[in-house]
Amino acid sequence: MTTRHIDLLWLFLMFATALSWWLAEASPGAGVTGVVLALAFLKGRTVALDFMGLRGVRRPWPWLVGGWLVVVLAVIAFTFLQAPAA
Amino acid sequence: MDTSATMTLNQDDTVEAAPLAPPGDLAVWFFILAELLVFAVFFIAYAVARTHDVALFAVMQQTLDPDAGALNTVLLVSSSWCVARAVLAVDGARLRTGARWLLAALACGGGFLLVKGLEYADKFAEGIGLSTNTFYMFYLSLTFFHFMHVVLGMLVLAVLWHGVRRGHYRRGRLSGLESGAVYWHMVDLVWLVLFPLVYVLH
């Protein structure tokens, strides 16, 4: 991991945050829910693998944190798609 | 069982093996897993509770300030970035630079607490509390639980800053610094789910 790599990841996280923030004003819908949760997954994955240093670490560590992220976001997606705001 | 960082296949062919354990103290990782489990229960409880009163949650979400939530995301993600740069600097024997990055991380963490504190003050001034309704019961308890983790994380960062200035950490002796760093990143990771769940999704 180099400083340039870390800086680029921070830029990506800033961009993804700006996109999520912009989507907060968008009309509710399955598409918006999907994009917002996909962005949350990508941001969380970046923090877990690159900032927390789990990239390249042997199982089960990357799977445990990644699995946490997938399960939590999947349950959130399921409940929001089952009961969307009117 | 091979516990070395490299595996020799034959005289001329060596491959890098993945490190067995993640950076930092293994005990901290078990603590982090326990914390993530508690937050997962909170998140799922919020999402399920919302399905029982979608209209209430939709109206109450409109009373939140998504700009404050986004600003806090920027502050917490930037703080995580500063900590990652600090670890890299100390690993490269640039202790002063590492200490400065940790100070920057603390400043971002302080900014987060300030923004969140102003949000709370605004709500309390309106007479909003835990018993206002189901949404605010979840919003206040979930975000305050996370708020307290930020406070604890900042105490950890302050100890790390002191340790870096005293020269306690160097290449090959980074476990303490890495342990504190991964805890701070965990606080960031949790917020990356909390922000869209509470502020963005409808």
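Every value quoted in this text rests on a predicted model; they were computed, and no experiment measured them.

## Here we look at the overall build of chain A
Move 1: Tallying secondary structure elements over chain A gives three helices and zero strands in all.
Move 2: Its C-alpha atoms give chain A principal-axis dimensions of roughly 45 × 30 × 10 Å.
Move 3: Considering chain A as a whole, with its 86 residues, one finds that 45% of them fall into the buried category.
Move 4: Across chain A, contacts joining residues at least 24 apart in sequence account for 59% of those joining residues at least 6 apart.
Move 5: Accessible area of chain A: about 4,400 Å², with a carbon and sulfur share of 70%.

## A closer look at the overall build of chain B
Move 1: Check the secondary structure of chain B and you find six helices and two strands.
Move 2: Helices (α) and strands (β) of chain B occur, in sequence order from the N terminus, as β-β-α-α-α-α-α-α.
Move 3: Principal-axis analysis of the C-alpha atoms gives chain B an extent of 70 × 35 × 25 Å.
Move 4: Looking at the 202 residues of chain B, the share that counts as buried comes to 51%.
Move 5: Put simply, of all contacts in chain B between residues at least 6 apart along the chain, 76% involve residues at least 24 apart.
Move 6: In the structure as shown, chain B presents an accessible area of about 9,000 Å², 65% of it carried by carbon and sulfur atoms.

## Concerning a positive patch on the surface
Move 1: Among the surface-exposed residues, B:Arg96, B:Arg100, B:Arg165 and B:Arg166 lie close enough to one another that they form a single positively charged patch.
Move 2: Of note, B:Arg96 is situated in helix α4 (residues 95-125).

## Description of the confidence of the model for chain B
Any segment with low pLDDT has predicted coordinates that should not be analysed in fine detail.
Move 1: Mean pLDDT over chain B works out to 91, with 91% of the residues at or above the 70 mark.
Move 2: Counted against residues more than four places away or in other chains, residues 1-14 of chain B, with its pLDDT under 50, gives 17 contacts.

## Some points on helix α1 (residues 3-23) of chain A
Since there are 3.6 residues in each turn of an α-helix, residues three or four apart along the chain are aligned in direction.
Move 1: Relative to the 30 Å expected for 21 residues at 1.5 Å per residue, α1(A) spans 30 Å between its end C-alpha atoms, a close match to the ideal helical length.
Move 2: Turning to α1(A), its buried residues are A:Ile6, A:Leu9, A:Leu13, A:Met14, A:Ala16, A:Thr17, A:Ser20 and A:Leu23.
Move 3: Tucked into the core, α1(A) has its buried residues touching α2 (30-51) of chain A together with α3 (66-91) and α6 (175-200) of chain B.

## Regarding a negative patch on the surface
Move 1: A grouping of A:Glu25, B:Asp65, B:Asp67, B:Asp122 and B:Glu126 is seen on the molecular surface, where their side chains present a negatively charged patch.
Move 2: Take B:Asp122: it is sitting in helix α4.

## Observations concerning empty space enclosed by the protein
Once rolled over the atoms, a probe with the size of a water molecule shows which space is left empty.
Move 1: For the coordinates displayed, the defined rule picks out one cavity of 30 Å³ or more.
Move 2: Space inside the largest cavity adds up to approximately 40 Å³.

## Quick look at the interface of chain A and chain B
Move 1: Across the contact, 44 residues belong to chain A and 52 residues belong to chain B.
Move 2: Buried area between chain A and chain B, summed over both chains or domains, comes out near 4,300 Å², and the portion from carbon and sulfur atoms is 79%.
Move 3: Residue B:Arg85 is joined to A:Asp7 by a salt bridge in which the shortest nitrogen-to-oxygen separation is 2.6 Å.
Move 4: Connecting chain A to chain B are six residue pairs in polar contact (both at pLDDT 80 or more).
Move 5: Secondary-structure elements contributing two or more residues to the side of chain A that touches chain B are α1, α2 and α3 (61-82) of chain A.

## Quick look at the layout of surface pockets
Move 1: In this structure, the largest pocket encloses a volume near 460 Å³.
Move 2: Along the wall of the largest pocket there are 17 residues; nearest its centre are A:Met1, B:Pro23, B:Val87, B:Leu88 and B:Glu178.
Move 3: When contributions to the lining of the largest pocket are tallied by element, the ones reaching two or more residues are α2 of chain A together with α3 and α6 of chain B.
Move 4: Per-class residue counts for the lining of the largest pocket are 11 nonpolar, three polar and three charged.

## Structural notes on the side chain of B:Thr73
Move 1: Structurally, B:Thr73 can be placed in helix α3.
Move 2: In this structure B:Thr73 comes out as buried when scored by relative accessible area, which is 0%.
Move 3: Dropping the residues within four chain positions of it, B:Thr73 is found in contact with A:Thr17, A:Lys43, B:Trp191, B:Leu192 and B:Phe195.

## Some thoughts on the side chain of B:His149
Move 1: The topology assignment puts B:His149 in helix α5 (residues 134-165).
Move 2: Take B:His149: its relative accessible area is 7%, and that puts it in the buried class.

## Brief notes about the nonpolar core
Move 1: Core analysis: the biggest nonpolar cluster contains 94 residues, and A:Met52, A:Trp68, A:Ile76, B:Phe43, B:Leu177 and B:Val198 have the highest contact counts within it.
Move 2: Broken down by element, this core gets its largest block of residues, 18 residues, from α6(B).
Move 3: Excluding residues that lie within four positions of it along the chain, B:Val198 makes contacts with B:Tyr46, B:Gln61, B:Leu64, B:Tyr139 and B:Leu142.

So, how was this worked out
Residues numbered from 1 in each chain as written. Chains lettered and ligands numbered in written order. Predicted model: local features only at pLDDT ≥ 70, side-chain atom pairs only at ≥ 80, totals over all residues. Heavy atoms only, no water. Helix = DSSP H or I, 4+ residues; strand = E, 2+ residues; numbered from the N terminus. Buried < 20%, exposed > 50% of the residue type's maximum accessible area, 1.4 Å probe, protein only. Contact = heavy atoms within 4.5 Å. Areas by Shrake-Rupley, 256 points an atom, 1.4 Å probe, with all protein chains shown as cover. Patch = residues over 30% accessible without salt bridge, like charges linked within 9 Å, V, L, I, M, F, W, Y side chains within 5 Å. Salt bridge = Lys/Arg side-chain N within 4 Å of Asp/Glu carboxyl O. Lys, Arg positive; Asp, Glu negative; His and termini not counted. Charge placed at Lys NZ, Arg CZ, Asp CG, Glu CD. pLDDT = per-residue confidence, 0-100. Expected span 1.5 Å × (residues − 1). 1 Å grid on protein atoms, 1.4 Å probe; cavity = no way out; pocket = protein on both sides within 12 Å on 5 of 7 lines; lining within 4 Å. Points joined across faces, edges and corners; volume = space filled by probe spheres on them. Buried area = accessible area lost by both parts, 1.4 Å probe. Polar contact = N/O pair within 3.5 Å; in protein donor to acceptor, adjacent residues only side chain to side chain. Nonpolar A, V, L, I, M, F, W, Y, C, P; charged D, E, K, R; others polar. Core = buried A, V, L, I, M, F, W, Y, C linked by side-chain atoms within 4.5 Å.

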